[in-house]
Amino acid sequence: MVDAERFIPEAIAEITRLSQGEKVVMALSGGVDSSVCAALATRAIGDRLVSIYVDTGLMRKGETERIRHLFGGVNLKIVNAKDEFFAALKGITDPEEKRKVIGEKFIRIFEREARKTGSRHLLQGTIYPDRIESEGGIKSHHNVGGMPLHMEFASVIEPIRDLYKDEVRVVAGALGLPREIQHRMPFPGPGLAVRVVGEVTPDRIDVVREANAVVEEELVEKYIPWQCFAAIVGQGTGVKGDIRVHGWIVAVRAVNSRDGMTADPMELPFALLLRIASRITADIPSVARVVYDITPKPPATIEYE
Ligand code: XMP
């Protein structure tokens with residue numbers, strides 16, 4: 001386990017040294033990894049850090065407002081890129097291609113904005129499991145990390161590259177970041193797009209965003225899952241009112257894990273699962289049924305794509 005009291009000054013010194021007194025740019029997602037990096041860099045170089053948040057349209061409910069609220073005082077640029085992402089995703093059904101398209105788009109938009117800042121240094125919140133999963137070719141994680149930028153940077157600074165997720169949380173606590181950030185569940189770089197099996201459209205993202213919000217509301221505080229969410233996994237028949245409808249099948253997933261490399265499904269009370277199913281089908285007219293995923297990782301992954 002990391003010794004935060006030792007790690008923090010070392011990371012600050014590294015950022016100070018590599019930035020050479022110049023501006024540093026980073027992608028801020030609001031997750032614990034990028035928030036820890038932003039906090040370390042702010043301590044190291046103050047407002048020479050320029051943070052960019054790309055609103056992909058694939059974020060959770062209320063996320064952009066949350067970022068604005070949490071990091072509004074920081075040198076932060078919020079980029080609205082929803083239309084660009086949905087246009088790029090049109091017609092794409094293959095999971096790996098979806099990830100590549102999102103990763104590529106993200107990088108190009110980030111580059112475009114980073115260029116405007118005139119910074120020669122890039123800060124990234126890559127953590128240890130990102131590196132090994134990408135190197136092992138399991139999935140093309142797109143944490144900006146591991147993706148080729150066309151821009152030449154004088155340095156790429158990755159202060160938390162050797163840490164596991166639980167260690168990042170320890171550092172977040174030692175840095176005094178809000179509990180909400182410290183204990184935030186991991187969220188995949190490609191966002192809600194990997195929670196829609198098949199083509200991503202604005203309508204489908206709206207469905208999965210609402211379902212996801214219900215799952216988080218019911219589970220996060222009371223059951224403290226390592227990660228929980230909803231995904232659209234297909235279509236099936238249901239009856240709503242007296243009418244047979246062909247609607248979405250929403251899968252609910254709640255897992256415990258140490259680092260995301262393996263995971264176990266949580267044993268949740270049946271009454272709670274029934275309530276989640278009833279809320280999701282009542283709140284979202286186009287959902288016909290809700291299932292609970294009981295597959296560990298392996299053989300399943302945590303996300304659906
Ligand atoms: P899987 O689905 O591979 O996910 O079992 C393991 C953990 O990683 C998260 N995840 C990602 N994180 N960029 C990320 O930063 C990504 O592209 C990505 N894909 C999955 C996932 O939510 C889980 O916590």
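Trainee: How would you sum up the sheet that holds strand β2 (residues 49–55)? Please name residues and give values.
Mentor: Strand order in the open sheet made by the 5 strands is β3-β2-β1-β4-β5, with parallel pairing throughout. Both edges of this open sheet fall to β3 (76–80) and β5 (155–157), since each of them pairs with a single strand only. Geometrically, the sheet is characterised by an average inter-axis angle of 25° between neighbouring strands, direction not taken into account. Examined bridge by bridge, strand β4 (residues 121–123) and β5 share 3 bridges and lie parallel to one another. Paired with L123 across the two strands is I157, which belongs to β5. Where helix α2 (residues 32–45) meets the sheet, its contacts fall on β1 (24–27), β2 and β4, and the angle it forms with β1 comes to roughly 165°.

Trainee: Give me the domain arrangement of the chain: which residues, what numbers.
Mentor: Here the chain is partitioned into domain 1 (4–182) and domain 2 (201–292). Computed over C-alpha atoms only, the centres of domain 1 and domain 2 are separated by 28 Å. Taken together, the contacts link 11 residues of domain 1 with 12 residues of domain 2. Interface area for domain 1 against domain 2, summed over the two sides, is near 1,000 Å², with a carbon-plus-sulfur share of 58%. Taken as a group, R60, K61 and F86 account for 40% of the area that domain 1 buries against domain 2, more than any other trio of residues on that side.

Trainee: Could you give an account of the side chain of E303, with specific residues and numbers?
Mentor: Here E303 lies in the segment after β9 (287–292). A polar atom in the side chain of E303 sits 2.9 Å from the side chain of R195.

Trainee: How would you summarise the pairing of strand β7 (residues 243–256) if you had to cite specific residues and measurements?
Mentor: Note: strand β6 (residues 227–240) against β7, 13 bridges, orientation antiparallel. In the sheet register, G238 faces β7, and the bridge partner there is V245. Linkage of β6 to β7, two consecutive antiparallel strands, is achieved through a turn of 2 residues, within which G241 is found at a positive phi near 65°. When β7 meets β9, the two strands line up parallel, connected through 5 bridges. Each residue of the ladder has a partner; that of A251, found in β9, is V291. Both β7 and strand β8 (residues 264–265) contribute to a ladder of 2 bridges, which runs antiparallel. Along β8, the bridge assignment pairs V255 with P265.

Trainee: Could you give an account of the nonpolar core, naming the residues involved and the relevant values?
Mentor: One finds L58 and I280 to be the most contacted residues of the largest nonpolar core, which totals 49 residues. The two domains that each donate at least three residues to this core are domain 1 (4–182) and domain 2 (201–292). Excluding its chain neighbours within four sequence positions, the residues that come into contact with L58 are F85, F86, L89, I102, F187, P190, G191, L192, A193, V200, I205 and R209.

Trainee: Please give an account of the packing of helix α4 (residues 82–89) against helix α5 (residues 95–117) that cites residues and values.
Mentor: Running from N to C, α4 and α5 cross one another at 150°; their axes reach a closest spacing of 10 Å. Relative to α5, the crossing made by α4 is right-handed. For the pair α4 and α5, contact is made by E84, F85, A88 and L89 and by K98, V101, I102, K105, F106, I109 and R112, respectively. For the contact of α4 with α5, the class distribution of residues is 7 nonpolar, no polar and 4 charged.

Trainee: Explain the confidence of the model for the chain to me, and be specific about the residues and the numbers.
Mentor: Looking at the chain, pLDDT values average 93 and 95% of them are 70 or higher. Here residues 142–146 is a poorly scored stretch, pLDDT under 50, and it has 15 contacts once near neighbours within four places are set aside; other chains count.

Trainee: Please provide a residue-by-residue account of the layout of surface pockets, values included.
Mentor: When its volume is computed, the second largest pocket comes out at roughly 760 Å³. Lining of the second largest pocket is provided by 22 residues; of these, H183, R184, M185, E216 and V220 occupy positions nearest its centre. The leading source of residues in the lining of the second largest pocket is helix α9 (residues 202–223), at 7 residues. Residue classes in the lining of the second largest pocket are distributed as 7 nonpolar, 3 polar and 12 charged. The two domains that each donate at least three residues to the lining of the second largest pocket are domain 1 (4–182) and domain 2 (201–292).

Reading guide: rules and limits
Residues numbered from 1 in each chain as written. Predicted model: local features only at pLDDT ≥ 70, side-chain atom pairs only at ≥ 80, totals over all residues. Heavy atoms only, no water. Pairing = 2+ DSSP bridges. Helix = DSSP H or I, 4+ residues; strand = E, 2+ residues; numbered from the N terminus. Axes fitted to C-alpha atoms, helices over the stretch in contact; angles between N-to-C directions. Contact = heavy atoms within 4.5 Å. Domains from an automatic or database assignment. Buried area = accessible area lost by both parts, 1.4 Å probe. Polar contact = N/O pair within 3.5 Å; in protein donor to acceptor, adjacent residues only side chain to side chain. Core = buried A, V, L, I, M, F, W, Y, C linked by side-chain atoms within 4.5 Å. Buried < 20%, exposed > 50% of the residue type's maximum accessible area, 1.4 Å probe, protein only. Left-handed = near helix turned anticlockwise from the far one by under 90°. Nonpolar A, V, L, I, M, F, W, Y, C, P; charged D, E, K, R; others polar. pLDDT = per-residue confidence, 0-100. 1 Å grid on protein atoms, 1.4 Å probe; cavity = no way out; pocket = protein on both sides within 12 Å on 5 of 7 lines; lining within 4 Å. Points joined across faces, edges and corners; volume = space filled by probe spheres on them.

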